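Topology and contacts: notes
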Amino acid sequence: MGIESALGKGFLTTRMDTLVKWARANAAWPMPMGLACCAIEMMAFAGPRYDAARFGSEVMRFSPRQADVMIVAGWCSYKMSHAIRRIWDQMPDPKWCIAMGACASTGGMHRCYGVVQGCDNFLPVDAYISGCPPRPDAVLHALMKIQDKIKKEHSITLDT
Amino acid sequence: MSLNLSEYLQKTVDDLSGNFADKLIHVYQSSGDTFIVIQADALLEICKYLKENLHYIYLSDVFGIDRYTSEERFEVVYNLLSFKHHQRVFIKVRCEEENPEVDSVSKIWKAANWFEREVYDMFGVFFRNHPDLRRIYMPEDFEYYPLRKEFPLLGIPGSIPLPSTTPDTD
């Protein structure tokens with residue numbers, strides 16, 4: 001039936017787009033941007049108990065050049081925002097961003113002059129995590145949301 | 001209110017009032033701590049005396065207070081510790097709203113360097129003869145002093161720039 005019969009045993013057909021999205025979604029390497037207490041929960045997310053390796057995301061890249069997902073964990077001051085933006089710009093496309101916890105999402109309890117009231121003021125955020133700090137399983141949930149998003153996005157085919 | 005001083009703090013107060021009688025303004029206690037308000041022009045000699053003669057070798061902290069009064073608006077507080085005697089004393093000096101200036105004690109205690117920079121950054125109190133009086137938390141070109149009482153809690157919009165949201169393209 002169809003092309004499979006012509007290929008013989010050991011072949012499977014799919015669309016290139018699906019294959020690329022499948023690969024991307026299951027190897028979303030995080031760029032840990034640990035700024036405060038949330039960073040400790042983020043470490044647990046990659047540790048043995050919560051084990052982000054199940055989703056192919058245990059490879060924390062401390063170089064932005066090999067990272068796909070930036071996890072902004074903690075409150076971000078105005079001074080720090082420039083460094084974060086620079087690292088974000090150094091990450092190759094396609095890339096995604098998680099704002100982890102109340103501070104990264106909205107400024108949280110730091111309602112003051114020095115803290116950016118939400119890192120979406122200067123970054124395109126894909127997933128927000130509530131909590132102060134959120135549990136590691138909430139970070140896994142955000143990661144799964146990003147995976148869903150990657151699987152729904154177009155990768156190589158274009159809208160025409 | 002009568003003071004409830006330990007033996008060593010009593011000696012501290014007695015020594016200071018003996019040697020610098022006209023420079024001491026006020027001695028009081030609050031929340032179990034002892035505060036000595038002194039005249040700003042005697043700060044250096046009193047600090048030197050406290051370190052060399054009374055063993056207050058450790059400057060634990062320097063901080064500012066905005067009293068928000070028309071006279072002597074700002075206060076700088078020195079938190080001193082003597083490990084040998086397990087005693088803590090706070091020294092306070094006051095300065096005017098216009099050109100608030102205090103002598104730097106960083107020659108006496110090296111730790112004062114960053115503490116004084118913090119007070120300068122947050123309250124705009126200048127420290128005479130400080131080796132490196134720069135901002136420490138806020139950006140170099142920031143024009144305001146955030147812990148002054150008239151400064152709005154959420155800051156002044158646009159006073160600190162955020163990074164641009166479009167990537168730099170050459």
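The paragraphs below set out a description of the structure included in this document.

Structural notes on the overall build of chain B
Looking only at helices and strands, one finds 3 helices and 7 strands in chain B. Reading the helices (α) and strands (β) of chain B from amino to carboxyl end gives α-β-β-α-β-β-β-β-α-β. Across the 170 residues of chain B, 44% fall into the buried class. For chain B, restricting intrachain contacts to residue pairs at least 6 apart in sequence, the fraction spanning at least 24 positions comes to 51%. Surface accessibility of chain B: about 9500 Å² in total, with carbon and sulfur atoms responsible for 48%.

What to know about the interface of chain B and chain A
Across the boundary between the two partners, chain B contributes 20 residues, which contact 13 residues of chain A. For the pair chain B and chain A, the two sides together bury roughly 1400 Å², of which 68% comes from carbon and sulfur. For the chain B face of the interface with chain A, the top three residues by lost area are L154(B), L162(B) and P163(B), together amounting to 41%. Where chain B packs against chain A, one counts 0 salt bridges. At the boundary of chain B and chain A, one finds 5 residue pairs in polar contact (both at pLDDT 80 or more). Per-class residue counts for the side of chain B that touches chain A are 15 nonpolar, 4 polar and 1 charged.

Observations regarding helix α1 (residues 7-19) of chain B
Residues and elements named next belong to chain B. For α1, built from 13 residues, the straight-helix expectation of 18 Å at 1.5 Å per residue is met to within 8% by its first-to-last C-alpha distance of 18 Å. By the burial criterion, the buried members of α1 are Y8, L9, T12, V13 and L16. Considered in projection along α1, the buried side chains sweep an arc of 140° and stay on one side of the axis. In this structure, α1 carries E7 and G18 as exposed residues pointing more than 90 degrees from its buried face. Against the buried residues of α1 lie β1 (24-30), β2 (33-38), α2 (43-54) and β5 (87-95).

Observations concerning the environment of R73(B)
Residue and element names in this part refer to chain B. Relative to the helices and strands, R73 is located in the loop between β3 (58-66) and β4 (74-82). Separated by 22 residues in the primary sequence, R73 and C95 place their C-alpha atoms 6.3 Å from one another. Ignoring sequence-local partners within four residues, the contact set of R73 consists of I65, D66, R67, Y68, C95, E96, E97, R148, K149 and E150. A polar atom in the side chain of R73 sits 3.0 Å from the side chain of E97.

A look at the sheet that holds strand β4 (residues 127-129) of chain A
Residues and elements named next belong to chain A. A sheet is described by the order of its strands in space; here 4 strands give the open sequence β1-β2-β3-β4, paired in parallel fashion. The outermost strands of the open sheet, each flanked by one partner alone, are β1 (30-34) and β4. Strand after strand, the sheet turns through a mean of 15° between neighbouring axes, direction not considered. Relative to strand β2 (residues 69-73), β1 is paired through 5 bridges, and the arrangement is parallel. From the neighbouring strand, P32 faces β2, where its bridge partner is I71.

Things to note about the sheet that holds β3(B)
Residue and element names in this part refer to chain B. The strand order across the open sheet built from 5 strands is β1-β2-β5-β4-β3, with neighbouring strands paired in mixed fashion. Because the sheet does not close on itself, it has two edges, and the strands there are β1 and β3. With direction set aside, neighbouring strand axes in the sheet form an average angle of 20°. Here 6 bridges tie β1 to β2, and the two strands are oriented antiparallel to one another. Looking at the pairing, H26 lines up with V37 of β2. On the sheet, α1 packs against β1, β2 and β5 and is oriented at approximately 35° with respect to β5.

Some remarks on the nonpolar core
One finds M70(A), L123(A), L43(B), Y78(B), V102(B) and V125(B) to be the most contacted residues of the largest nonpolar core, which totals 60 residues. Ranked by residue count, the leading element in this core is α2(B), at 6 residues. Setting aside chain neighbours within four positions, we find L43(B) in contact with I38(B), Y78(B), I91(B), V93(B), V102(B), D103(B) and V105(B). Counting 24 residues, the second-largest nonpolar core is a separate cluster that includes M42(A), F45(A), A52(A) and M100(A).

Notes on the layout of surface pockets
Computed from the structure, the largest pocket encloses a volume of approximately 210 Å³. Contributing to the lining of the largest pocket are 13 residues, with W75(A), S77(A), G114(A), Y137(B) and M138(B) lying nearest its centre.

Points about the packing of helix α3 (residues 38-46) of chain A against helix α6 (residues 136-152) of chain A
Residue and element names in this part refer to chain A. Put simply, α3 and α6 touch, their axes get as near as 8 Å, and they point 70° apart. As far as their axial angle goes, α6 and α3 are roughly perpendicular. Listed contacts from α6 to E41, A44 and F45 of α3 are P136, V139, L140 and L143.

Calculation notes
Residues numbered from 1 in each chain as written. Chains lettered and ligands numbered in written order. Predicted model: local features only at pLDDT ≥ 70, side-chain atom pairs only at ≥ 80, totals over all residues. Heavy atoms only, no water. Helix = DSSP H or I, 4+ residues; strand = E, 2+ residues; numbered from the N terminus. Buried < 20%, exposed > 50% of the residue type's maximum accessible area, 1.4 Å probe, protein only. Contact = heavy atoms within 4.5 Å. Areas by Shrake-Rupley, 256 points an atom, 1.4 Å probe, with all protein chains shown as cover. Buried area = accessible area lost by both parts, 1.4 Å probe. Salt bridge = Lys/Arg side-chain N within 4 Å of Asp/Glu carboxyl O. Polar contact = N/O pair within 3.5 Å; in protein donor to acceptor, adjacent residues only side chain to side chain. Nonpolar A, V, L, I, M, F, W, Y, C, P; charged D, E, K, R; others polar. Expected span 1.5 Å × (residues − 1). Arc of directions from axis to C-beta. Pairing = 2+ DSSP bridges. Axes fitted to C-alpha atoms, helices over the stretch in contact; angles between N-to-C directions. Core = buried A, V, L, I, M, F, W, Y, C linked by side-chain atoms within 4.5 Å. 1 Å grid on protein atoms, 1.4 Å probe; cavity = no way out; pocket = protein on both sides within 12 Å on 5 of 7 lines; lining within 4 Å. Points joined across faces, edges and corners; volume = space filled by probe spheres on them. Parallel < 35°, antiparallel > 145°, perpendicular 65-115°, else oblique.

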